Amino acid sequence: MALHPEVAAYRAARAAAGTPPLYTQTLAEARAADLAAIRAGGGAVEQVAEVRDEHLPGPDGDLPIRVYRPAGSGPLPTLLYFFGGGWTLGSIDTADGICRRLANAVPCQVVTVGYRLAPEHPFPAAVHDCHAATVWVAGNADRLGVDPSRLAVGGDSAGGNLAAAVSLLCRTDGPTLAGQLLVYPNTDIGGEPSGPVGDDPTLFNRHSVAWYRTHYLTDEAQARDPLASPLRADDLSGLPPALVITAELDPLCAEGQRYAERLRAAGVSARLDHYPGMIHGFFAMPGVFTDGRRAQDSAAAFLRDRFGLPADREATPAEPEGTAVPGA
């Protein structure tokens, strides 16, 4: 397979360190290792004018949220961001770097949602948590300083899956969305992952995909539900414009591309940004992968367009709060 030089170096470092795949670890070990790897690869931590933790009412108790608000007053365009981690790993903290970067670069308010994780809370708990949070944010626009006419959803990996599922729910149940940011999303959880990575234990591979699926679904028939597999929805018309980001060496690449194609066929504006030689997870690791930074810039440009903000806006320079360590 044709590895980007930065991916080759990353792979070699993981192999030399003997880093075990997440799917060989206990849940507690995998959750800690996932957060550590993302923090190590996230690059310099950007300061945001305001960052605060709150809670909102969810379908089965309060859900934690973190609000990132750039400088400025009045109602702001707002992105609800759903973190990745195969519906099993991840937290508000794993999306912290991405949310800080997008809040500054767009600029917009970003709200990330601490939805419930599997296997403790399997499908469809995460979907309903994320939709409930979206409805609540729109309904509490004045309290949060949200411009409800400029509300978008987004996420990476499982978070991209959840953003697509929430977009399907919002089409009929509201609120109206200005866009959906889908970063290497899992769109067909029942499909067979493909690609050149194969069984490579140093990278996200087909075993990773299967491990997450077994935690998230309690019945294989659930894989046919469009809220688990948005690609299997009969009708994708009327959905908000989308940016779909894919990586060539990601087992989820083909299904992400098929989703963009189906959106276009249904009359939805959908842009596909494909990154040759990149792997699953690169978007969250701009401190390791130059294309991670480029993809975040592309995401910010998409959101600026959907929010009606000036196209020539430049990202606020990062103000490091700590030292980044290359991922291994």
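Small disclaimer: the values here were computed from a predicted structure and weren't measured.

S.K.: Explanation requested: unusual backbone geometry in the structure shown.
M.R.: In terms of backbone geometry, most residues other than glycine have negative phi values and most peptide bonds are trans. With an omega of 0 degrees, the peptide bond between A118 and P119 qualifies as cis. Take P119: it is sitting in the loop between strand 4 (109-113) and helix 4 (125-139). Between F123 and the following residue, P124, the backbone shows a cis peptide bond with an omega angle of 5 degrees. With respect to the helices, strands and loops of the structure, P124 is situated in the loop between strand 4 and helix 4. Residues other than glycine seldom take positive phi values, yet S157 does so here, at roughly 60 degrees. On the secondary structure map, S157 appears in the loop between strand 5 (146-156) and helix 6 (158-173).

S.K.: Would you explain the packing of aromatic side chains in this entry?
M.R.: Two measures describe an aromatic ring pair: the distance that separates the ring centres and the angle between the ring planes. For the coordinates displayed, the defined rule picks out eight aromatic pairs. Between W87 and Y216, the aromatic rings sit 4.3 Å apart at their centres with planes inclined by 5 degrees, giving stacked as the arrangement. Of this pair, W87 sits in the loop between strand 3 (76-82) and helix 3 (96-105) while Y216 sits in helix 7 (residues 206-216); the two residues are 129 residues apart in sequence, bridging distant segments of the chain. The class for W87 is buried, based on a relative accessible area of 3%. Of the residues examined, Y216 reaches a relative accessible area of 0% and is grouped as buried. With a centroid separation of 5.6 Å and 75 degrees between ring planes, the pair formed by F123 and Y216 is classed as edge-to-face. Here the residue F123 occupies a position in the loop between strand 4 and helix 4, and Y216 occupies one in helix 7, the gap between them amounting to 93 residues. Feature note: the residues W87, F123 and Y216 constitute an aromatic cluster, connected by ring pairs.

S.K.: Looking at this structure, I do not really get the sheet that holds strand 6 (residues 179-183). What am I missing?
M.R.: For sheets, the rule is that strands pair by backbone hydrogen bonds, running either parallel or antiparallel. Strand order in the open sheet formed by eight strands is 1-2-4-3-5-6-7-8, and the pairing between neighbours is mixed. Strand pairing shows two members of the sheet lacking a second neighbour, strand 1 (50-58) and strand 8 (270-275), which therefore form its edges. When strand polarity is set aside, the average angle formed by the axes of neighbouring strands in this sheet is 20 degrees. In this structure, strand 7 (residues 242-247) lies alongside strand 8, joined through six bridges in parallel fashion. Bridge pairing in strand 8 places A247 opposite Y275. Running over the sheet, helix 4 touches strand 1, strand 2 (61-69), strand 3, strand 4 and strand 5 and is turned about 160 degrees from strand 5. With respect to the sheet, helix 9 (residues 290-307) is in contact with strand 3, strand 5, strand 6, strand 7 and strand 8, its orientation differing from that of strand 8 by roughly 170 degrees.

S.K.: Just checking my understanding: could you explain the pattern of salt bridges for this structure?
M.R.: Pairing is possible between side chains of opposite charge, provided their charged atoms come close. The final tally for this structure, using the stated rule, is 20 salt bridges. In this structure, D96 and R66 form a salt bridge, with 3.4 Å as the shortest nitrogen-oxygen distance. Taken together, the positions of D96 in helix 3 and R66 in strand 2 put the pair 30 residues apart, joining distant regions of the chain. Given a relative accessible area of 14%, D96 falls into the buried group. Among the ionic pairs, D147 bridges to R150, the shortest N-O distance being 2.8 Å.

S.K.: Is there a simple way to think about the pairing of strand 7 in this case?
M.R.: Walk down a regular strand and you will see the side chains alternate between the two sheet faces. Counting buried residues along strand 7, six of its six residues qualify, which places the element largely inside the surrounding structure. Going residue by residue along strand 7, you find A242, V244 and T246 tucked away on one face and L243, I245 and A247 tucked away on the opposite face as well. Where strand 6 lies against strand 7, four bridges are found, and the strand directions are parallel. Within strand 7, the position partnered with V183 by the bridge is I245.

S.K.: Help me understand the environment of G308, please; the structure alone is not making it clear to me.
M.R.: Here G308 lies in the segment after helix 9. Accessibility expressed as a relative area gives 62% for G308, which makes it exposed. Residues G308 and A32 lie 276 residues apart in sequence; the distance between their C-alpha atoms is 39 Å.

S.K.: Could you clarify how one ought to interpret helix 8 (residues 253-265) in this entry?
M.R.: Note on helix geometry: an α-helix contains 3.6 residues per turn, so any two residues three or four positions apart are oriented the same way. End to end, helix 8 covers 19 Å across 13 residues, agreeing with the expected 18 Å (1.5 Å per residue, within 8%). Summarising the contacts, the buried residues of helix 8 are in contact with helix 6, strand 6, strand 7 and strand 8. Looking at the residues trailing helix 8, positive phi occurs at G267, about 90 degrees.

S.K.: Explain helix 2 (residues 27-41) to me, please; I cannot follow it from the model alone.
M.R.: For helix 2, built from 15 residues, the straight-helix expectation of 21 Å at 1.5 Å per residue is met to within 8% by its first-to-last C-alpha distance of 21 Å. What helix 2 keeps buried is the set A30, D34, L35, I38 and G41. The buried side chains of helix 2 occupy one side of the element, clustering within an arc of 145 degrees when seen end-on. More than 90 degrees from the buried face of helix 2, the exposed residues found are A28 and R39. On its buried side, helix 2 packs onto helix 7. G43 lies just past helix 2 and shows a positive phi near 80 degrees.

Basis of the calculations
- For every chain, the first residue of the written sequence is number 1, and numbering continues from 1 along that sequence.
- Owing to the predicted nature of the model, reporting of local features is limited to residues with pLDDT of at least 70; listing and counting of side-chain atom pairs is limited to 80 or more, with chain, interface and lining totals taken over all residues.
- Side-chain numbers here rest on the full set of heavy atoms in the structure, without hydrogens or water.
- Every helix listed is a DSSP run of H or I at least four residues long, and every strand listed is a run of E at least two residues long, numbered separately from the N terminus.
- Ring pairs are drawn from Phe, Tyr and Trp, using the six-membered ring of Trp, whenever the two centres fall within 6.5 Å, and their geometry is named by plane angle: stacked under 30 degrees, edge-to-face over 60, tilted for the rest.
- Here the term buried applies to any residue with accessible area under 20% of the maximum for its type, exposed to any over 50%, and partly exposed to those in between, with areas from a 1.4 Å probe on protein chains only.
- Between any two strands, pairing holds if DSSP finds at least two bridges.
- Note on geometry: axes are lines fitted to C-alpha atoms, helical ones only across the stretch in contact, with angles between N-to-C directions running from 0 to 180 degrees.
- Contacts between residues were defined by any pair of non-hydrogen atoms, one from each residue, lying within 4.5 Å.
- Here, a salt bridge means any side-chain nitrogen of Lys or Arg that lies within 4 Å of a carboxyl oxygen of Asp or Glu.
- Multiplying one less than the number of residues by 1.5 Å gives the expected span of a helix.
- It is the directions from the helix axis to the C-beta atoms that the arc portrays.

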